[in-house]
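Residue-level listing of the chains:
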Amino acid sequence: MKKWLIVSNKWTYLFLLGIPVGLIKIFGFDLHLENLADIGLQLFISLMIMAVGIYLFVRFNSYSAWMNPEHPKPKKD
């Protein structure tokens, strides 16, 4: 099996903290608003926080000749 995601720096796991932060924001604060438009806006912001965290984690831990050339290449089986 070819591994395309190789974690070389353990600090990049902090990007995944966007997921629980976004979920806490959704269930702790966003769903208790009174206006439907405010709920939609805050849900969008929470989902974007989670998406950016996941994107940055994958981007920093995968090899790309253009974006991340110093990252180790995946081994071919």
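Scroll up a little and you will see the structure.
Residues numbered from 1 in each chain as written. Predicted model: local features only at pLDDT ≥ 70, side-chain atom pairs only at ≥ 80, totals over all residues. Heavy atoms only, no water.

Points about a nonpolar patch on the surface
Keep this limit in mind: In this analysis, a patch consists of residues with relative accessible area above 30% that form no salt bridge, clustered at 9 Å for like charges and at 5 Å for the nonpolar side chains Val, Leu, Ile, Met, Phe, Trp and Tyr. Under the convention used here, a 1.4 Å probe and the Shrake-Rupley method define accessible areas, while residue burial counts only the protein chains that appear. For this document, the term salt bridge refers to a Lys or Arg side-chain nitrogen within 4 Å of an Asp or Glu carboxyl oxygen. Secondary structure elements are taken from DSSP: a helix is a run of H or I of four residues or more, a strand is a run of E of two residues or more, and numbering for both begins at the N terminus. Under the scheme applied here, a residue whose accessible area is under 20% of the maximum for its type counts as buried, over 50% as exposed, and between as partly exposed, the area being computed with a 1.4 Å probe on protein chains only.
Taken together, Trp11, Leu14, Leu17, Val21, Leu41, Phe44, Ile45, Met48, Ile49 and Val52 make up a surface patch of nonpolar side chains, about 960 Å² in accessible area. Here the element with the most residues in the nonpolar patch is helix α2 (residues 36-60); it accounts for six residues. If you trace the backbone, Met48 turns up in helix α2. When its relative accessible area of 39% is taken as the criterion, Met48 is described as partly exposed.

A closer look at the pattern of salt bridges
For the structure shown, the criterion picks out one salt bridge. The partner of Asp30 in a salt bridge is Lys25, with the nearest N and O atoms 3.3 Å apart. The two residues Asp30 and Lys25 agree in class, both being buried.

Description of the packing of aromatic side chains
Test applied: When the centres of two rings from Phe, Tyr and Trp lie within 6.5 Å, Trp using its six-membered ring, the rings pair. Their planes under 30 degrees apart give stacked, over 60 give edge-to-face, and anything left gives tilted.
Throughout the structure, instances matching the rule amount to two aromatic pairs. A centroid spacing of 5.4 Å and a plane angle of 35 degrees characterise the contact between Tyr13 and Phe57, whose relative ring orientation is tilted. With a gap of 44 residues between them, Tyr13 in the segment before α1 (18-28) and Phe57 in helix α2 connect regions that are remote in the sequence. A centroid spacing of 5.3 Å and a plane angle of 20 degrees characterise the contact between Phe15 and Phe60, whose relative ring orientation is stacked. In this pair, Phe15 is assigned in the segment before α1 and Phe60 in helix α2, connecting sequence segments 45 residues apart.

Comments concerning the environment of Tyr55
By secondary structure assignment, the location of Tyr55 is in helix α2. Accessibility expressed as a relative area gives 47% for Tyr55, which makes it partly exposed. Here the alpha-carbon distance between Tyr55 and Lys25, two residues 30 residues apart in the chain, equals 19 Å.

Topic: the environment of Leu47
For Leu47, the position within the fold is in helix α2. Given the relative accessible area of 48%, Leu47 is considered partly exposed. Distance from Leu47 to Ser64, taken between C-alpha atoms, is 26 Å for residues 17 residues apart in sequence.

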